[in-house]
Protein chains: 2
Amino acid sequence: MGNMSDSLSKDQRAEMERQYNIYQDGVSEIIPAFEMKEKIAKSLLTGRPLKVKLGLDPSAPDVHLGHTVVLNKLKQFQENGHIIQLIIGDFTGKIGDPTGKSTARKQLTNEEVKHNAQTYYEQFSKVLDMEKVELFYNSAWLSKLRLEDTINLSASITVARLLERNDFSERLASGKPISLHEFFYPLMQGYDSVELESDVELGGTDQHFNVLMGRHLQEHYNKEKQVVIMLPLLEGLDGVEKMSKSKNNYIGVDEDPREMFGKIMSIPDELTLKYFNLITDLSHIEKNDIAMRLESGDLHPRDAKMLLGKVIVRMYHDEAAAQLAEEHFKTVFQRGAIPQDIPEVIWEGSHSIHVIDLLVQLGLQSSKSEARRMIQNGGIRINSEKVMDVDLLVHLPKELILQVGKRKFLKLLNPKAN
Amino acid sequence: MGNMSDSLSKDQRAEMERQYNIYQDGVSEIIPAFEMKEKIAKSLLTGRPLKVKLGLDPSAPDVHLGHTVVLNKLKQFQENGHIIQLIIGDFTGKIGDPTGKSTARKQLTNEEVKHNAQTYYEQFSKVLDMEKVELFYNSAWLSKLRLEDTINLSASITVARLLERNDFSERLASGKPISLHEFFYPLMQGYDSVELESDVELGGTDQHFNVLMGRHLQEHYNKEKQVVIMLPLLEGLDGVEKMSKSKNNYIGVDEDPREMFGKIMSIPDELTLKYFNLITDLSHIEKNDIAMRLESGDLHPRDAKMLLGKVIVRMYHDEAAAQLAEEHFKTVFQRGAIPQDIPEVIWEGSHSIHVIDLLVQLGLQSSKSEARRMIQNGGIRINSEKVMDVDLLVHLPKELILQVGKRKFLKLLNPKAN
């Protein structure tokens, strides 16, 4: 590539530094940082935008705030005129797992792939300008590779190098089988970068091995090597595990304002700043300001989290929704009161019913055993009184307020009551 | 497959046992022996011949007696009406080594592949009835495999299993790189058996891993599994290393009768019986007879080897050539005399020349350093006198006999000599 940055004018050099500072903010690692500057310099000199790649799993289209770490980074590139390449990894999705061992990786139909891609598209549009995004399906090139091409691809890498990937080395050491075809997944993902001539690839730190493969393969195919930006993983509501749907510790970008706000308020205080940094669109200055006020004690941790909740609800809904979500939260939790606008249900069953049956029949709990557990955990209230007896027989009056957990309310109307 | 042999008539059962006894004679291993009998039984019941596979490396078409171990086994199948499948592994030959690291595995052109196949064909015809042989090029199916097929193929095998192959495990342990594409060679060779639905595959014991792969892959693709016959490796002239062209310890099937006979006479006595067993067409009874007479002392080891030499020359030339080769050998080595019919060259150079230059100019040695080494080893004689001095200046008379090693003679005529 040569030293592009040496050819920049003074203004261009300032612009390069400005962009670089934005891109490096909050990331775990840029590999290598020097080349990131060179890429920006090349773009400034040639007028050609950078191609910034993100690979997507076609089987899991539920987008949550954990994903927005990388989406926000993509947005920064987009705001500076660069091209976003979103790649739906449909080739592997359509193959499924040939050993049939993994139920998690079942074979997707063409329709499912298209549907999931559409879901990504809609959810990503909450962060990115999708008009300016290029969408690819990697089956377009991978399905055409013949054995000769595959052998050429495999010749680029040693078995020892593949075994360096943590999960592979651990499985080999513990005698758990690694099927040979699994070695292809990082190679195929990397080959996408060869095909699309990506300049930059983003990924979570758990994707370290896979995204570096793109860089490696581009070199093997005599292409300019991509720069790799590793982004930190966002812990979920439990504050420990990576946010993920399967761990049920996530906040979906599609969730309603109150739910979103409430979930934000449930994260551990230590995570507040990390959430501000990684998943809000506040400026660097605003983020620093919050950090300093928190440290000095000017800002109470609870108030910082309320601010975080409002910012995030505003990002995925609007300012008014953010206000309402906050007020709702304050009403329910801070004043201990029952909110005004709770849903009502008209009861048409018998006047007396065991509390467990009542909860299940109203759909507030999915099974009797769940309802029993919820009562035992003190999670059920009738007219603000905690239910202590799992065998309680409830005599239904004309009106009764049921509360499940902290945030779910239902007003039960029984017009036929005496 | 069920137990085919249970359905055989008494005569068929006898025929099955007869064939089995021929096929198992002299082999290292049949995997599994039980299925070999079942295969024969199936063939007898259905009237369909067995398909007996041998894979060939397209880059090394020089056939020597080491190869005839497996060819003689194939011939036994052919004599019982079964079909021989010869597979030229041209697919890998055309790809070469994608890493470019191995000069041994350079890329072959279509013409070279065709030429080498033709050479195999001609040389194999000395043992097999080539009219009844089916010849395949594995590029016919391998070049059509797409990535999806390759992934399916790779899903059949674990990395741990591949690393069990001796050379792979040793290289991984010692930190020598194994390129991922090398894992494909056994898979491709095995896939040939899937495509051709082979019943039996033959291979030397050094091919153990590769030929078993065919059996493994047929099972993965729900085909009837082939039986694998492992044949012992034939030591070369040195009596230690496997016979091979690169070790220069081989006897080519194309060599002239005297050379062939002389080379046979140079093998260590301990190998004589193994050569009889593995590479001659004598019957089991004749072989046993020789073994017993050797053991009892009735047959002198030197005479046994002479007999071996005659049998082998007769196989690749004819009875008369075998007689002449034996007489030549007796004349030269047993009587220490110079044979009658040695080639003559008329000298037109200067009358005096250093012995080293003389050897090189006559083409008897390929370089001065080789010529020097040959003299130092006592391998050069002039008129039966050993040359002791590497700097000897030879004054050429009208006639002079040069001897190189034990078996190479040249009569040099210098008509202009005084």
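Residue numbers run consecutively from 1 along every chain, following the written order of its sequence. The lettering of chains begins at A and the numbering of ligands begins at 1, in the order of writing. The predicted origin of the model limits local features to residues at a pLDDT of at least 70 and limits the giving and counting of side-chain atom pairs to 80 or more, whereas totals for whole chains, interfaces and linings rest on all residues. Values reported for side chains reflect all heavy atoms of the structure, with hydrogen atoms and water molecules removed beforehand.

Re a positive patch on the surface
Distance thresholds for patches are 9 Å for like charges and 5 Å for nonpolar side chains (Val, Leu, Ile, Met, Phe, Trp, Tyr), applied to residues having over 30% relative accessible area and no salt bridge. Surface accessibility follows the Shrake-Rupley procedure with a 1.4 Å probe radius. Residue values consider only the protein chains on display as shielding. Note on definitions: salt bridges are taken to be side-chain nitrogens of Lys or Arg within 4 Å of carboxyl oxygens of Asp or Glu. Just so you know, the count uses Lys and Arg for positive and Asp and Glu for negative, and it drops His and the chain ends. Charge placement uses NZ in Lys and CZ in Arg. For Asp and Glu, CG and CD serve respectively. A contiguous patch of positive charge, built from Lys144 and Arg146 of chain A together with Lys144 and Arg146 of chain B, is present on the exposed surface. A helix here means a DSSP run of H or I that spans at least four residues, while a strand means a run of E at least two residues long, and both kinds are numbered starting from the N terminus. For Lys144 of chain A, the location among the structural elements is in the loop between α6 (139–142) and α7 (147–154).

Observations concerning the domain arrangement of chain A
Many analyses report the size of an interface as the accessible area lost when the parts associate. Assigned domains within chain A: domain 1 (4–231), domain 2 (257–334) and domain 3 (344–413). What counts as a domain boundary in this text is fixed by an automatic or database domain assignment. The centre of domain 2 of chain A, based on its C-alpha atoms, is set 32 Å off from the matching centre of domain 3 of chain A.

Observations concerning the interface of chain A and chain B
Tallying the contact residues gives 32 residues for chain A and 32 residues for chain B. Summed over both partners, buried area is the accessible surface (1.4 Å probe) that two parts give up on being assembled. Approximately 2,800 Å² of surface area, both sides summed, lies buried where chain A meets chain B, with 77% of it carried by carbon and sulfur atoms. The largest contributions to the chain A side of the interface with chain B come from Leu147, Ile151 and Leu180 of chain A, which together make up 25% of the buried area. Our enumeration of links across chain A and chain B arrives at 0 salt bridges. Two N or O atoms form a polar contact when they lie within 3.5 Å of each other; inside protein one atom must be a possible hydrogen donor and the other a possible acceptor, and for residues adjacent in sequence the pair counts only when both atoms belong to side chains. Linking chain A with chain B are 11 residue pairs in polar contact (both at pLDDT 80 or more). Secondary-structure elements contributing two or more residues to the side of chain A that touches chain B are α4 (90–95), α7, α8 (159–163) and α10 (184–196) of chain A. With 6 residues, α7 of chain A is the single largest residue contributor to the side of chain A that touches chain B. Grouping the amino acids of the side of chain A that touches chain B by side-chain chemistry returns 21 nonpolar, 8 polar and 3 charged. Contacts are residue-level and defined by heavy atoms, with any inter-residue pair within 4.5 Å sufficient. When residues are grouped by polarity, Ala, Val, Leu, Ile, Met, Phe, Trp, Tyr, Cys and Pro land in nonpolar, Asp, Glu, Lys and Arg in charged, and all others, Gly among them, in polar.

Here's the deal with the packing of helix α1 (residues 10–24) of chain A against helix α3 (residues 65–79) of chain A
Residues and elements named next belong to chain A. It is the contact of α1 with α3, at a shortest axis distance of 9 Å, that shows an interaxial angle of 170°. Between α1 and α3, the angle is such that the two are roughly antiparallel. The chirality of how α1 crosses α3 is right-handed. Taken together, the residues of α3 that come into contact with α1 (itself represented by Ile22, Tyr23 and Gln24) are Lys73, Gln76 and Phe77. For the contact of α1 with α3, the class distribution of residues is 3 nonpolar, 2 polar and 1 charged. Between the N-to-C directions of two axes lies an angle of 0 to 180 degrees, each axis being a line fitted to C-alpha atoms and, for a helix, fitted only over the stretch in contact. An angle below 35 degrees is treated as roughly parallel, one above 145 as roughly antiparallel, one from 65 to 115 as roughly perpendicular, and anything else as oblique. By convention, the crossing between two helices is left-handed when the near helix turns anticlockwise from the far helix through less than a right angle, and right-handed when the turn is clockwise.

Let's talk about unusual backbone geometry
Residues and elements named next belong to chain A. With an omega dihedral of -15°, the bond running from Ile31 to Pro32 counts as a cis peptide bond. Tracing the backbone through its elements, the reader meets Pro32 in the loop between β1 (29–31) and α2 (33–46). One non-glycine residue, Asn222, lies in the positive phi region at around 55°. Within the element layout of this structure, Asn222 appears in the loop between α11 (208–220) and β6 (227–231).

Comments concerning the relation of the copies chain A and chain B
With an RMSD of 0.6 Å, chain A superimposes on chain B once it is rotated by 178° and translated 0.1 Å along the axis. Such a turn and shift between the copies fits a two-fold axis. When each C-alpha of chain A is compared by its distance to the rotation axis, Arg146 of chain A comes out closest, at 2.4 Å. Looking at chain A, 100% of its interface residues are interface residues in chain B too, so the copies touch through the same face. Superposing the copies works by least squares over the C-alpha atoms of residues that have pLDDT at least 70 in both of them.

A closer look at the UniProt feature "domain: RNA-binding S4" (unreviewed entry) in chain A
UniProt positions are given in the numbering used here, feature names are shortened, and annotations may be inferred rather than shown by experiment. Sequence positions flagged by UniProt for "domain: RNA-binding S4" (unreviewed entry) are, in local numbering, residues 353–415 of chain A. For residues 353–415 of chain A, the helix share is 25%, the strand share is 35%, and the end-to-end C-alpha distance is 16 Å.

Quick look at the packing of helix α13 (residues 272–279) of chain A against helix α14 (residues 284–296) of chain A
All names here are of chain A. Two elements in contact, α13 and α14, have axes whose closest approach is 10 Å; the angle formed by their N-to-C orientations is 175°. Of the possible angle classes, the one that applies to α13 and α14 is roughly antiparallel. Residues Leu273, Phe276 and Asn277 of α13 form the contact with α14, whose participating residues are Lys287, Ile290, Ala291 and Leu294. Of the residues belonging to the contact of α13 with α14, the class tally is 5 nonpolar, 1 polar and 1 charged.

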